[in-house]
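# Geometric and topological summary
Okay, here's what each chain looks like letter by letter:
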Amino acid sequence: MTPSDDCIDPVCGMTITVTQAPHQREHAGATYYLCSIACALRFDADADAYATVARLDLPGWGLTPHPPAVVEQFRSTTDPM
Ligand SMILES: [Zn+2]
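These remarks concern the structure in this document. Here the structure is a predicted model, which is why all the values come from computation and not from measurement.

How each quantity is defined
- Residues numbered from 1 in each chain as written.
- Predicted model: local features only at pLDDT ≥ 70, side-chain atom pairs only at ≥ 80, totals over all residues.
- Heavy atoms only, no water.
- Helix = DSSP H or I, 4+ residues; strand = E, 2+ residues; numbered from the N terminus.
- Contact = heavy atoms within 4.5 Å.
- Areas by Shrake-Rupley, 256 points an atom, 1.4 Å probe, with all protein chains shown as cover.
- Salt bridge = Lys/Arg side-chain N within 4 Å of Asp/Glu carboxyl O.
- Pairing = 2+ DSSP bridges.
- Donors = N, O, S within 2.8 Å, 3.2 Å for Na, K, Ca; no water.
- Tetrahedral: all angles 85-135°; square planar, octahedral: opposite > 155°, others 65-115°.
- Buried < 20%, exposed > 50% of the residue type's maximum accessible area, 1.4 Å probe, protein only.
- Arc of directions from axis to C-beta.
- Phe/Tyr/Trp six-rings, centres within 6.5 Å; stacked < 30°, edge-to-face > 60°.

Regarding its fold elements, the protein presents 3 helices and 4 strands. For the protein, the succession of helices and strands along the chain, N to C, is β-β-β-β-α-α-α. For the protein, the proportion of contacts with a sequence separation of at least 24, taken over those separated by at least 6, is 33%. Split by element, the accessible area of the protein, about 4800 Å² in all, is 58% carbon and sulfur.

Here it is in structure tokens:
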């Protein structure tokens, strides 16, 4: 990934440019980019779940935004809440 690449905020699913990501987190050897402090805090609260979402081999991941519903659907299948 180059600095000009877009990436996906694993919390809300929106596409953000790496160089413009206001927040980032290191988790399990990978870097995740968050669009806002709210998303960063949510990532902090459940980093493993969001990191798993980010690793999903969904078509276009990292190229196009995934609808938040996709992320929510995945989370609903793994989150006991
Ligand atoms: Zn976000």
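Before going further, it helps to spend a moment on the pattern of salt bridges. Enumeration according to the criterion identifies 1 salt bridge in this entry. Notably, a salt bridge pairs Asp44 with Arg25, separated by 2.7 Å at the nearest N-O pair. With Asp44 in helix α1 (residues 37–45) and Arg25 in strand β3 (residues 23–27), the pair connects residues that are 19 residues apart, well separated along the chain.

Here we take up the pairing of strand β4 (residues 30–34). As defined by bridge partners, β3 adjoins β4 across 5 bridges and the pair is classed as antiparallel. Its bridge partner lying in β4, Glu26 is registered against Thr31.

Protein coordination of the zinc ion is provided by Asp9 (OD), Cys12 (SG), Cys35 (SG) and Cys39 (SG), with donor distances spanning 1.9 to 2.3 Å. Viewed at the metal, the 4 donor atoms of the zinc ion are separated by angles of 100 to 116 degrees, and the geometry they form is tetrahedral. As a motif over one chain, the donors of the zinc ion read D-x2-C-x22-C-x3-C. With Cys12 in the loop between β1 (6–8) and β2 (15–17) and Cys39 in helix α1, this pair connects stretches of sequence that are 27 residues apart. Its relative accessible area of 8% is what places Cys39 among the buried residues.

A word on α1. Among all positions of α1, only Cys39, Ala40 and Phe43 are buried. The buried residues of α1 occupy an angular sector of 100 degrees when projected down its axis, which confines them to one face. Summarising the geometry of α1, the exposed residues directed more than 90 degrees from the buried face are Leu41 and Ala45.

Moving on: the packing of aromatic side chains. Throughout the structure, instances matching the rule amount to 2 aromatic pairs. For the pair Tyr32 and Phe43, a centre-to-centre distance of 5.2 Å together with 40 degrees between the ring planes defines the contact as tilted. Taken together, the residues span a long stretch of sequence, with Tyr32 in strand β4 and Phe43 in helix α1 at a distance of 11 residues. Residue classification places Phe43 among the buried residues on the basis of a relative accessible area of 1%. Ring centres 6.2 Å apart and planes at 25 degrees place the aromatic pair Phe43 and Tyr50 in the stacked group. Pair check on accessibility: Phe43 and Tyr50 agree, each one buried. Taken together, the ring pairs connect Tyr32, Phe43 and Tyr50 into an aromatic cluster.

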